Amino acid sequence: MSSGDRREAAPAAGEVKNGVVSGDLSQRQIQSEPASGVVAPSQNQRLRLNPSKDHKPESYDDMQLDFSPSIFSSLERYLPPPMLGLNREEKVKFMREILMKYLPQGERTRVQRHRDYRQKIITNYQPLHRELYNLHIGNFFVPPFVKAIQDNTEESFRSIISEPSPGVFTFEMLQPRFCELLLAEVENFEKWVNEAKFRIMRPNTMNKYGAVLDDFGLETMLDKLMETYIRPLSKVFFAEVGGSTLDSHHGFVVEYGKDRDVDLGFHVDDSEVTLNVCLGKQFTGGELFFRGTRCEKHVNTGSQTEEIFDYSHVPGRAVLHRGRHRHGARATTSGHRVNLLLWCRSSVFREMKRYQKDFSSWCGECFREKKERQRLSIAATKSELLKQEGESTT
């Protein structure tokens, strides 16, 4: 789906006290319900749970589509085997029906309006640093990060990455010069917005300040960033939540400090994988606090001791985590903090999740419940064996 299709984080749900979440994170669903009146695939035409590894997807770049061509290429490998040999038009029709379940008519109208809104910005806004609008490896990233991605092995990734808490990965990523240029570009955009008296959409329902980078021309660059640099990492560290099939994103910056947002309530992101990189400037406070990954059913359950973790931002240093990893931001007590966020999504994972009931591979509470069931089963079996042994002896 396009980067503007969904931009909501789950709303704040109160504090975390003694490892227990108060409030209700599930008041607003992250994933929309299927649209009424949309034709659903028949039982024997669902997407495959596992991709056809030997199948090479077609390119859809030359077709006029409602969604990004890369989404269709990504979904194609999950089509039922009888459909793989069909022409592109037939495959697009089937995949589009699946995707449209997440985009009812009212939402489609909104998306079209957003496209018009974005085009108006791009037509009138004059970029300050055009070199930002194309991905320049040597100018954007620190050399160790580039080498690790080029080597493309788990060993090379782990050589530059730390995992200070389960599921939270940190690494040096952006060069200081890139951070400076992007900060200047955002300031230039905000200056244009004020001078033109143009009303812009903010990144999500929780941040009142900041800007959507995709809206003023940086979508292609950020898409390349996701595909070339974040997806390889996610394939290794977040495979169980669609890390290998990330196919769309929502890219934005958030701002904290005086006359800006101060903190951010406890929430989960509308993403499978989230990249969060501090751009600067000088500030104190603003720590991220993490409290464990949860599925929708268990989003309000308490946190275990090992899930409680606070992270202090450093300019240029990235944090990578699951979107369902519950987190928030403490108050920025002085200065001005700006962060780059990239919510990375997988349409394949979202479709597959509709048919799954067990999320123990990534939900901490599902995992604990599964372990408890196993423990009780083993205990019952052991008790029964001891009982039978006693009767046999008697």
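Residues numbered from 1 in each chain as written. Predicted model: local features only at pLDDT ≥ 70, side-chain atom pairs only at ≥ 80, totals over all residues. Heavy atoms only, no water.

With an unreviewed UniProt entry as reference, the protein is termed Fe2OG dioxygenase domain-containing protein, source organism Citrus sinensis.

> I'm lost on the overall build of the protein in this one. Help?
Summing up its helical and strand segments, the protein has 10 helices and 14 strands in all. Across the 394 residues in the protein, those meeting the buried criterion constitute 51%. The contacts in the protein between residues at least 6 apart in sequence include a share of 82% that link residues at least 24 apart. Accessible area of the protein: about 19,200 Å², with a carbon and sulfur share of 49%. (Helix = DSSP H or I, 4+ residues; strand = E, 2+ residues; numbered from the N terminus. Buried < 20%, exposed > 50% of the residue type's maximum accessible area, 1.4 Å probe, protein only. Contact = heavy atoms within 4.5 Å. Areas by Shrake-Rupley, 256 points an atom, 1.4 Å probe, with all protein chains shown as cover.)

> I keep staring at the sheet that holds strand β13 (residues 325-329) and nothing clicks. Help me out?
Strand pairing in a sheet relies on backbone hydrogen bonds, with the paired strands running either antiparallel or parallel. One open sheet holds the 4 strands; their spatial order is β7-β13-β10-β11, and the pairing between them is antiparallel. Strands at the two margins of the open sheet, each flanked by one partner only, are β7 (264-267) and β11 (308-311). Within the sheet, the average angular offset between the axes of one strand and its neighbour, ignoring direction, is 20°. Two elements, strand β10 (residues 288-293) and β13, share 4 bridges in a ladder whose sense is antiparallel. Looking across to β13, one finds that Thr293 is bridged to His325. (Pairing = 2+ DSSP bridges. Axes fitted to C-alpha atoms, helices over the stretch in contact; angles between N-to-C directions.)

> I would appreciate a short explanation of helix α2 (residues 88-100) in the present structure.
Each full turn of the α-helix corresponds to 3.6 residues, which orients residues three or four apart in the same direction. In this model, α2 (13 residues) spans 17 Å end to end at C-alpha, consistent with the 18 Å of a helix rising 1.5 Å per residue. Regarding α2, the residues found buried are Arg88, Lys91, Val92, Phe94, Met95, Ile98, Leu99 and Met100. With a side-chain oxygen positioned 3.2 Å from the backbone nitrogen of Glu89, the residue opening α2 is Asn87. (Expected span 1.5 Å × (residues − 1). Polar contact = N/O pair within 3.5 Å; in protein donor to acceptor, adjacent residues only side chain to side chain.)

> Please clarify how unusual backbone geometry should be interpreted in this entry.
A negative phi angle is the norm for most residues apart from glycine, just as the trans form is the norm for most peptide bonds. In this model, Gly280 is joined to Lys281 through a cis peptide bond whose omega is 5°. With respect to the secondary-structure elements, Lys281 resides in the loop between β8 (273-280) and β9 (283-285). We note that Asn152 has phi near 55°; this positive angle belongs to a residue other than glycine. Examined against the element boundaries, Asn152 turns out to sit in the loop between α5 (143-151) and α6 (154-160). The backbone of Asp259 sits at a positive phi, close to 60°, despite the residue not being glycine.

> Explain the packing of aromatic side chains here, please?
Working definition: an aromatic ring pair is given by the centre-to-centre distance plus the angle between the planes. Summed over the entire model, instances satisfying the criterion amount to 20 aromatic pairs. Both rings, one in Tyr125 and one in Phe189, keep their centres 5.3 Å apart while their planes meet at 90°; by these two values the pair is edge-to-face. One end of the pair, Tyr125, is in the loop between α3 (105-124) and α4 (137-140); the other, Phe189, is in helix α7 (residues 176-196), with 64 residues separating them in the sequence. Given the relative accessible area of 2%, Phe189 is considered buried. Between Tyr125 and Phe216, the ring centres sit 5.7 Å apart and the planes meet at 80°, which makes this aromatic pair edge-to-face. Separated by 91 residues along the polypeptide, Tyr125 in the loop between α3 and α4 and Phe216 in the loop between β5 (211-212) and α8 (219-237) bring together distant segments of the chain. The exposure classification of Tyr125 matches that of Phe216, with both residues buried. Aromatic ring contacts, followed pair by pair, group Tyr117, Tyr125, Phe189, Trp192, Phe198 and Phe216 into a single cluster. (Phe/Tyr/Trp six-rings, centres within 6.5 Å; stacked < 30°, edge-to-face > 60°.)

> Even after reading the chapter, I still don't get the side chain of His129, so can you show me in this structure?
Secondary-structure assignment places His129 in the loop between α3 and α4. Contacts of His129, omitting those with residues within four sequence positions, involve Leu181, Ala184 and Glu185.

> When you look at the nonpolar core in this model, what are you seeing that I'm missing?
One broad trend across soluble globular proteins is that nonpolar side chains are buried collectively. Among the nonpolar cores identified, the biggest contains 61 residues, and Met173 and Leu275 are the most heavily contacted of them. Looking at this core, the elements that each hand over two or more residues are α3, α5, β4 (168-172), α7, α8, β8, β12 (317-322) and β14 (332-345). Of the residues forming this core, the biggest block, 9 residues, is contributed by α7. If we ignore the near neighbours within four places in the chain, the residues touching Leu275 are Phe171, Met173, Leu225, Ile230, Ala318, Val319, Leu320, Leu340, Leu341 and Leu342. Among the nonpolar cores identified, the runner-up in size contains 20 residues, and Tyr60, Phe67, Leu75 and Tyr78 belong to it. (Core = buried A, V, L, I, M, F, W, Y, C linked by side-chain atoms within 4.5 Å.)

> Could you clarify how one ought to interpret the pattern of salt bridges in this entry?
Pairs can form between side chains of opposite charge once their charged atoms are near each other. Within the structure shown, the criterion is met by 23 salt bridges. For Glu76, the salt bridge identified is with Lys91, shortest N-O distance 3.1 Å. One end of the pair, Glu76, is in helix α1 (residues 69-76); the other, Lys91, is in helix α2, with 15 residues separating them in the sequence. Across the pair, exposure class does not vary: Glu76 and Lys91 are buried alike. The residue Arg322 makes a salt bridge to Glu240 at a minimum N-O spacing of 2.6 Å. Within this pair, whereas Arg322 is found in strand β12, its partner Glu240 is found in the loop between α8 and β6 (248-257), the two being separated by 82 residues in sequence. Since its relative accessible area comes to 12%, Arg322 is described here as buried. Taken together, the shared-partner salt bridges connect Asp270, Glu272, Arg345 and Arg350 into one network. (Salt bridge = Lys/Arg side-chain N within 4 Å of Asp/Glu carboxyl O.)

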